[in-house]
2 protein chains.
Amino acid sequence: MSKNKRPLVFITNDDGIYAKGLNELIKGFRKIGEIVVVAPEGARSGMSGAITSLNPVRIDLLRKEEDLTIYSCSGTPVDCVKLGVNSIVSRKPDLLVAGINHGSNAAVCVIYSGTIGATLEGCIIGIPSMGVSLTDHSPNADFSQAVKYGKLVAEKVLLEGLPKGICLNLNVPSISDVKGLKICTQTKGNWQEKIEKLKDPYDRVIYWLGGEFANEEPENTCCDEWALSKGYAALVPLQVDMTAHYFYELWKKKWEFCTESNL
Amino acid sequence: MSKNKRPLVFITNDDGIYAKGLNELIKGFRKIGEIVVVAPEGARSGMSGAITSLNPVRIDLLRKEEDLTIYSCSGTPVDCVKLGVNSIVSRKPDLLVAGINHGSNAAVCVIYSGTIGATLEGCIIGIPSMGVSLTDHSPNADFSQAVKYGKLVAEKVLLEGLPKGICLNLNVPSISDVKGLKICTQTKGNWQEKIEKLKDPYDRVIYWLGGEFANEEPENTCCDEWALSKGYAALVPLQVDMTAHYFYELWKKKWEFCTESNL
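Residues numbered from 1 in each chain as written. Chains lettered and ligands numbered in written order. Predicted model: local features only at pLDDT ≥ 70, side-chain atom pairs only at ≥ 80, totals over all residues. Heavy atoms only, no water.

J.: Requested: an account of the UniProt feature "binding site: a divalent metal cation" (unreviewed entry) in chain A, with residues and values cited.
T.: Residues and elements named next belong to chain A. Within this structure's numbering, the places UniProt gives as "binding site: a divalent metal cation" (unreviewed entry) are Asp 14, Asp 15, Ser 45 and Asn 101. Maximum C-alpha separation among the annotated residues is 9.0 Å over a sequence range of 88 residues, consistent with a single clustered spot. Taking the annotated residues in turn, Asp 14, Asp 15, Ser 45 and Asn 101 line the largest pocket. With respect to the element layout, Asp 14 can be found in the loop between β1 (8-12) and α1 (20-29). (UniProt positions renumbered as here; feature names shortened; annotations may be inferred. 1 Å grid on protein atoms, 1.4 Å probe; cavity = no way out; pocket = protein on both sides within 12 Å on 5 of 7 lines; lining within 4 Å. Helix = DSSP H or I, 4+ residues; strand = E, 2+ residues; numbered from the N terminus.)

J.: Give a detailed account of the side chain of Ser 113 of chain A, specifying residues and quantitative values.
T.: All names here are of chain A. By secondary structure assignment, the location of Ser 113 is in the loop between α3 (109-112) and α4 (114-124). Engagement of the side chain of Ser 113 in a polar contact is seen with the side chain of Asn 105, the distance being 3.2 Å. Of the polar contacts made by the side chain of Ser 113, one reaches the backbone nitrogen of Thr 115; its length is 3.0 Å. Apart from residues no more than four positions distant in its own chain, Ser 113 is found in contact with Asp 14, Ser 48 and Asn 105. (Polar contact = N/O pair within 3.5 Å; in protein donor to acceptor, adjacent residues only side chain to side chain. Contact = heavy atoms within 4.5 Å.)

J.: If you had to explain the side chain of Gln 186 of chain A to someone new, which residues and values would you point to?
T.: Along the chain, Gln 186 of chain A falls in the loop between β8 (181-183) and β9 (189-193). Among the residues examined, Gln 186 of chain A registers a relative accessible area of 4% and is labelled buried. At 3.1 Å, the side chain of Gln 186 of chain A and the backbone oxygen of Val 240 of chain B are in polar contact. (Buried < 20%, exposed > 50% of the residue type's maximum accessible area, 1.4 Å probe, protein only.)

J.: Describe in detail the UniProt feature "domain: Survival protein SurE-like phosphatase/nucleotidase" (unreviewed entry) in chain A, supporting the description with residues and values.
T.: The UniProt record marks residues 9-193 of chain A with the feature "domain: Survival protein SurE-like phosphatase/nucleotidase" (unreviewed entry), using the residue numbering of this structure. Helix makes up 29% of residues 9-193 of chain A and strand 29%, with an end-to-end C-alpha separation of 37 Å.

J.: Tell me about the pattern of salt bridges, and please be specific about residues and values.
T.: Any two side chains of opposite charge can pair if their charged atoms end up close together. All names here are of chain A. For the coordinates displayed, the defined rule picks out 32 salt bridges over all chains. Note that Arg 44 is salt-bridged to Glu 41, the shortest N-O span being 3.7 Å. For Arg 44, a relative accessible area of 15% puts it in the buried group. Three or more residues are tied together by salt bridges with common partners; here these are Arg 30, Arg 63 and Glu 65. (Salt bridge = Lys/Arg side-chain N within 4 Å of Asp/Glu carboxyl O.)

J.: Describe the interface of chain A and chain B, with residues and values.
T.: Contacts between chain A and chain B engage 85 residues on the former and 85 residues on the latter. On the chain A side of the contact with chain B, Tyr 207, Leu 209 and Met 242 of chain A bury the most area, a combined 10% of that side's loss. Across the pair Glu 193 of chain B and Lys 82 of chain A runs a salt bridge, and its minimum N-O distance is 2.5 Å. Where chain A touches chain B, the interface holds 27 residue pairs in polar contact (both at pLDDT 80 or more). Looking at the side of chain A that touches chain B residue by residue, the classes come out as 49 nonpolar, 18 polar and 18 charged. (Buried area = accessible area lost by both parts, 1.4 Å probe. Nonpolar A, V, L, I, M, F, W, Y, C, P; charged D, E, K, R; others polar.)

Below, the structure is given as structure tokens:
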């Protein structure tokens, strides 16, 4: 961080520029530093790490005042980060915060979440990055606890930085008396699909995706889902490296056809 | 796998139903088992693990013959897997193969790739899953080596299965004399953005995303990029669990505010 400047905080989300969670985050973080927001013009939930490569992307300046600039972007959350950091900000952000998401991004949601997609992108391009989510989907949810814990973590990250290739996934339970913060692991589980087969107004078959999270380790006190269920904010350190290192070590010795001579 | 039936192989991709890579994969894999294809109706590159939740998704039957059924889907690669496995196939697939992608999905591409998004989805829902990619973007690339190595890996996976939460990312170099297969780690690196700022025909500013991969460990002989550059097919075991376990262990002891009493 430059010594003479306030920290530059880059903010994005996947619920879109008008979401309450984003605007509460902006309000809460204005004291921390200079804010630049580049967020999708509309809802981009479930966009994961998607990037727009076959179409152009547009950015519009919505608001500019001292230490706060807000842009909307036609692309995905990752597009917002790529474009914002490369073409909008005048210096490298000291911190990237994605959120506050309306709805949990705990457990396997990290794979599907646009909030986490943006967080991973910040991490990949070398910015200390964190996603913040509240376990409440409603448009008018109370984000005060999520802002409080988000700031707590953000201030630590601004002070200490994050290791290369590591970012943070913070989920905050939607209760007024959050008990504290726990460092957690990503809960194992999957979405039990409940796919609705319907007809459109012209009698053509359509499918609507939906489902419920099936927790495969509900008793594991290390897990983010457990912490949330007990009233704690859950902080999971995530890594960009998806290599299963244990099996890499095992298989490079064991898979017998892995040499030129055997093929 | 059922004893009396041929293995059921579920195939999808992110280049769309008419891509050569998909069709070469289908041809090559027909001897292995019964094939069900659910693939996007058009290009879905860079869609990562994106899911469609705000809109309906449509599926159309394109072709049905003995042991081969092909559907196109209006959604993302992950939608294809979710819908296909839940609403189309009559039994759980014994193997999911995504690809063959036109272009590499090595290194950090796992974060952005629709091919890997589909592969991870198969893994999450408990199907032994693998993504296959060729390091050649051209529509008429020669997929013979990618099919050969894909089958080699697929046959091993059908025989032995894969550990829970682990899937495979196979990249094959676009050369006629691939030297063999190496088990690898995901190369560290990032995309150096080259964002084009242009004008649309109505004189409005548009941005076009693009870039080049910057390899942060070009000399590391464990990495998939190294293997590909030396003429080997590169197989990386990937895990759905993105927890940075080392930092989880470190921080849960060190981050002093992680107890109720300190808040």
